[in-house]
Amino acid sequence: MVLLHLGDIHFGKSLCGFDLIDDQRYILDQILNMIEDKKVDAVLIAGDVYDRAIPSEAATNLLNDFLNQLVKRSVTVFMISGNHDSDERLNFGSELFRTNNIYISSVFRGSMFSQTLRDEYGEVCIWLLPFVKASQVKRYYPDSKIESYDDAVRTIIENEQIDNDKRNVIIAHQFVAGKHADPVTAGSESVAVQNVGLVEKISCSCFDPFDYVALGHIHSAQSVGRDTVRYSGSPLKYSLSEINNEKSVPVITLKEKGDVGIELVPLKPKRDVRHIKGKMNILLDKVNVVDTDDYMYVTLTDEDVIEDVMGIFRKTYPNTVKIDYDNSHTREMEKIDITEISGNKTYEEIVSEFYNYVFGTDITEEEMSVMKEAAKEAGIIDETN
Ligand SMILES: [Mn+2]
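Residues numbered from 1 in each chain as written. Predicted model: local features only at pLDDT ≥ 70, side-chain atom pairs only at ≥ 80, totals over all residues. Heavy atoms only, no water.

## Re the overall build of the chain
- Counting its regular elements, the chain contains 13 helices and 19 strands.
- Buried residues in the chain amount to 48% of all 385 residues.
- Restricting to contacts in the chain with at least 6 residues of sequence separation, those with at least 24 account for 67%.
- Carbon and sulfur atoms make up 49% of the accessible area of the chain, which amounts to about 20000 Å² in all.
- Averaging the locations of the 41 positively and 65 negatively charged side chains of the chain gives two centres separated by 5 Å. (Helix = DSSP H or I, 4+ residues; strand = E, 2+ residues; numbered from the N terminus. Buried < 20%, exposed > 50% of the residue type's maximum accessible area, 1.4 Å probe, protein only. Contact = heavy atoms within 4.5 Å. Areas by Shrake-Rupley, 256 points an atom, 1.4 Å probe, with all protein chains shown as cover. Lys, Arg positive; Asp, Glu negative; His and termini not counted. Charge placed at Lys NZ, Arg CZ, Asp CG, Glu CD.)

Next up, the structure:
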């Protein structure tokens, strides 16, 4: 049996204000070709289907098209919700979709949905675990000690009847860590992923009963703990920090119990995300200009700030997403130790001095209260300040 593992598609995503819907359609077409090439039986979609709880029309249309294309190819689909999805909205039509072999589990109701597939080696049970928080799980297991996400997921799995003689595959959307190392985040996950605390971390040992673990949540493709516990990663680069992060799709071949083959098939985007650095006249010299449709992050080493630099670059690279400088001024700025300047001053003192420095007058009471509100919201000062 051949399975194709996707995650963090984030239908409707944009990059620095650039709508990626055409890029997403292009990459999904590539994945559909891959499905035909590799004779895929089932597609596993490991959450963060949409980029937001209320997705755009373009995003829902694209998912609709993708599901139709999968059904046309007689591919079975398994899909769970991620932390970006509205679990109830993603649940829409899920009972009706089952008649077309589209299985969606987006709302956790106390136990996992599972479906058995068959091939010449016997049965394969596919288990669906939508994104859950510890508090959600606790309601269903009032007598179990559930203090962390690890406790929660362990409790759910322990309460299922898993036949270890059969092949078992689970789809989950959580922060799963190996014994000795956390997964490497890509930068485009939600802030919560990057600041993940101990309570959210789930040990990969929770998933020991499963022959393959199809994970979503982390946007860099990687295995966790063992080769068969894996984040597929997002199909496209969703932030500038992912510029060197090559994208691929795991295609899993299950033979008899214990025989799991994994092939990582590379993806080639319509427009790549690239970083170029140097002096403007050299970067824009005809001999150096290539792939002008790519999303460009430009770092200029020119000493002087160039007027309308974005306009200039977009004439050559229409999809320039960001421009910054690396020159003697910026390097000097980096050396400045903010704590040295601020010393023991209060937030109010720092703000009023800065205001005076910039505008040459004193800050008004009203302006100061706006600044304090903003600082409270950002967590720079606490409520008592
Ligand atoms: Mn995600």
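## Points about the pattern of salt bridges
- If you walk through the whole model with that rule in mind, you get 23 salt bridges.
- A salt bridge links aspartate 51 to arginine 52, with the shortest nitrogen-to-oxygen separation between them at 3.8 Å.
- On the basis of relative accessibility, which here comes to 11%, the residue aspartate 51 falls in the buried class.
- Aspartate 326 is the partner of arginine 331 in a salt bridge, and the nearest nitrogen-oxygen pair spans 3.0 Å. (Salt bridge = Lys/Arg side-chain N within 4 Å of Asp/Glu carboxyl O.)

## Concerning the coordination of the manganese ion
- Around the manganese ion, the protein contributes the donor atoms Asp8 (OD), His10 (NE2), Asp48 (OD) and His219 (NE2), at 2.0 to 2.4 Å from the metal centre.
- Residue histidine 10 is classed as buried on the basis of its relative accessible area of 0%. (Donors = N, O, S within 2.8 Å, 3.2 Å for Na, K, Ca; no water.)

## Observations regarding a nonpolar patch on the surface
- A cluster of nonpolar side chains, contributed by Phe354, Tyr357, Val358 and Phe359, occupies part of the molecular surface with about 530 Å² of accessible area.
- Its place among the elements puts tyrosine 357 in helix H12 (residues 347-359). (Patch = residues over 30% accessible without salt bridge, like charges linked within 9 Å, V, L, I, M, F, W, Y side chains within 5 Å.)

## Observations concerning the environment of glutamate 57
- Tracing the sequence through the fold places glutamate 57 in helix H2 (residues 57-72).
- Between the C-alpha atom of glutamate 57 and that of glycine 12, which follows or precedes it by 45 residues, the distance is 8.7 Å.

## A look at empty space enclosed by the protein
- Across all of its chains, the model carries one cavity of 30 Å³ or more by this definition.
- Empty space within the largest cavity amounts to approximately 110 Å³.
- Taken together, 13 residues make up the lining of the largest cavity; nearest its centre are Leu236, Lys237, Pro269, Arg271 and Asp272.
- For the lining of the largest cavity, the class distribution of residues is seven nonpolar, no polar and six charged. (1 Å grid on protein atoms, 1.4 Å probe; cavity = no way out; pocket = protein on both sides within 12 Å on 5 of 7 lines; lining within 4 Å. Points joined across faces, edges and corners; volume = space filled by probe spheres on them. Nonpolar A, V, L, I, M, F, W, Y, C, P; charged D, E, K, R; others polar.)

## Comments concerning the sheet that holds strand E17 (residues 273-278)
- Here we have three strands laid out as an open sheet, ordered E17-E18-E19, and parallel in their pairing. Of all strands in the sheet, those with a lone pairing partner are E17 and strand E19 (320-325), marking the two edges. On average, each strand axis in the sheet is inclined to that of its neighbour by 15 degrees, with strand direction left out of account. (Pairing = 2+ DSSP bridges. Axes fitted to C-alpha atoms, helices over the stretch in contact; angles between N-to-C directions.)

## Description of the sheet that holds strand E9 (residues 167-173)
- The strand order E7-E8-E9-E12-E14-E13 describes an open sheet built from six strands, whose pairing is mixed. The open sheet has two edge strands, strand E7 (113-119) and strand E13 (222-224), and neither has a second partner. Going from strand to strand, the sheet's axes swing by 30 degrees on average, the running direction of each strand aside.
- Two strands pair when backbone bridges link them, and E13 and strand E14 (residues 226-231) are joined in this way by three bridges, in the antiparallel orientation. Bridging from a neighbouring strand, valine 224 pairs with arginine 226 of E14.

## Description of the nonpolar core
- Membership of the largest hydrophobic core comes to 44 residues, with the highest contact counts inside it found for Leu4, Phe11, Ile31, Ile35, Val43, Phe66 and Leu70.
- When sequence neighbours within four positions are dropped, the list of residues in contact with leucine 70 reads Leu32, Ile35, Val43, Val75 and Val77.
- Tyr141, Ile156, Cys206 and Ile218 belong to the second-largest nonpolar core, a separate cluster that totals 31 residues. (Core = buried A, V, L, I, M, F, W, Y, C linked by side-chain atoms within 4.5 Å.)

## Describing helix H13 (residues 365-378)
- Look at H13: 20 Å from first C-alpha to last across 14 residues, which is about the 20 Å you get at 1.5 Å a residue.
- Positive backbone phi, at 80 degrees, marks glycine 379, one or two positions downstream of H13. (Expected span 1.5 Å × (residues − 1).)

## With respect to the domain arrangement of the chain
- Split by domain assignment, the chain resolves into domain 1 (2-266) and domain 2 (273-378).
- If you average the C-alpha positions of domain 1 and of domain 2, the two centres end up 37 Å apart.
- Each partner contributes residues to the interface: domain 1 has nine residues there, and domain 2 has eleven residues.
- When domain 1 packs against domain 2, the two sides together hide about 800 Å² of surface, and 78% of this comes from carbon and sulfur.
- When residues of domain 1 are sorted by the area they lose upon contact with domain 2, Phe18, Leu240 and Ile243 head the list and together hold 62% of the total.
- Summed over the shared surface of domain 1 and domain 2, the number is zero salt bridges.
- For the side of domain 1 that touches domain 2, the class distribution of residues is six nonpolar, no polar and three charged. (Domains from an automatic or database assignment. Buried area = accessible area lost by both parts, 1.4 Å probe.)

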